[in-house]
Amino acid sequence: MSPARPGVALLVLAKAPQPHRVKTRLCPPATPDEAAYLAAAALLDTLDAVRAVPRGCPVVAMTGKLAESARAREVGAALCGVPIVIQRGCDLGHRIAAAHDDTAALAPGLPTLQLGMDTPQIDAALLGDAAAPLIADGPRPVDAVLGPAADGGWWALGLRDPRAAAVIADVPTSRADTGERTLRALQDAGLRVGVLPTLTDVDTAADALAVASAAPWTRFAATLGAIPAFRTARGPC
């Protein structure tokens, strides 16, 4: 019997964890090298999760230089066998739309579920639940799912037809109302949107502490716990 065809393309929008280029809002209390190690840990946790989703087809849309990154060997090993496309576009919104198009070319006919590398607390079960509405048939199936972030942005975007990402290309990003604007753009395009659980994504030191506390089993939490400035911030056990 032939193996079941993957049910969803799991698209990770990633930035190579280079010092001075990733997680700069964690500095201080982290140094640029420590912030890069945290970003690498978050990416490794994310890759573990997407690779463990049943009937999932992982794809990574990458920017930056992996060879100059923290934990470059580990990240390279985790990416072994995963298709990688290069991010393209004039800004984040257009890079997201292009990444969905490129993923559709690699996995034709599959819906896409896109996330970044800022939510290392996610796991395969959460991603599987998030993708399920995009695969299910029914009298009124959803066309998209959106996962709000606690800061007003979003952590996941799923599309039954990846070409629909074009409707959010011009939505301003990194704003307190980015999630609301993204939801409105999808709905204004006539898409039925399911809303996923709200998660905290890691932008600030407070975010990093909250996520590590919620997911102590992750590489991210272990890496954070090894950074002296964050051990002080967390206080005694």
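What counts and what doesn't
- Residues numbered from 1 in each chain as written.
- Predicted model: local features only at pLDDT ≥ 70, side-chain atom pairs only at ≥ 80, totals over all residues.
- Heavy atoms only, no water.
- Helix = DSSP H or I, 4+ residues; strand = E, 2+ residues; numbered from the N terminus.
- Buried < 20%, exposed > 50% of the residue type's maximum accessible area, 1.4 Å probe, protein only.
- Contact = heavy atoms within 4.5 Å.
- 1 Å grid on protein atoms, 1.4 Å probe; cavity = no way out; pocket = protein on both sides within 12 Å on 5 of 7 lines; lining within 4 Å.
- Points joined across faces, edges and corners; volume = space filled by probe spheres on them.
- Nonpolar A, V, L, I, M, F, W, Y, C, P; charged D, E, K, R; others polar.

1. Some remarks on the environment of Gly153
Within the secondary structure, Gly153 sits in the loop between β5 (144-148) and β6 (154-159). Looking at Gly153, the relative accessible area reads 11%, which means it is buried. Residues Gly153 and Thr63 lie 90 residues apart in sequence; the distance between their C-alpha atoms is 21 Å. For Gly153, the residues in contact, after removing those within four places along its chain, are Pro148, Arg175, Thr178 and Gly179.

2. A closer look at the environment of Ala97
Tracing the backbone shows Ala97 in helix α3 (residues 92-106). Residue Ala97 is classed as buried on the basis of its relative accessible area of 10%. Here the alpha-carbon distance between Ala97 and Gly152, two residues 55 residues apart in the chain, equals 20 Å. Contacts of Ala97, omitting those with residues within four sequence positions, involve Ala165, Ala166 and Ala169.

3. Considering the environment of Thr103
Along the chain, Thr103 turns up in helix α3. C-alpha of Thr103 to C-alpha of Ala9: the two residues are 94 residues apart in sequence and 7.3 Å apart in space. Apart from the residues lying within four places of it in its own chain, the contact partners of Thr103 are Ala9, Leu11, Val59 and Thr112.

4. Some details on the layout of surface pockets
Of the volumes computed, that of the largest pocket is approximately 970 Å³. Lys23, Leu92, Asp118, Ser174 and Asp203 are, among the 31 residues lining the largest pocket, the residues nearest its centre. Its residues placed into classes, the lining of the largest pocket shows 11 nonpolar, 10 polar and 10 charged.

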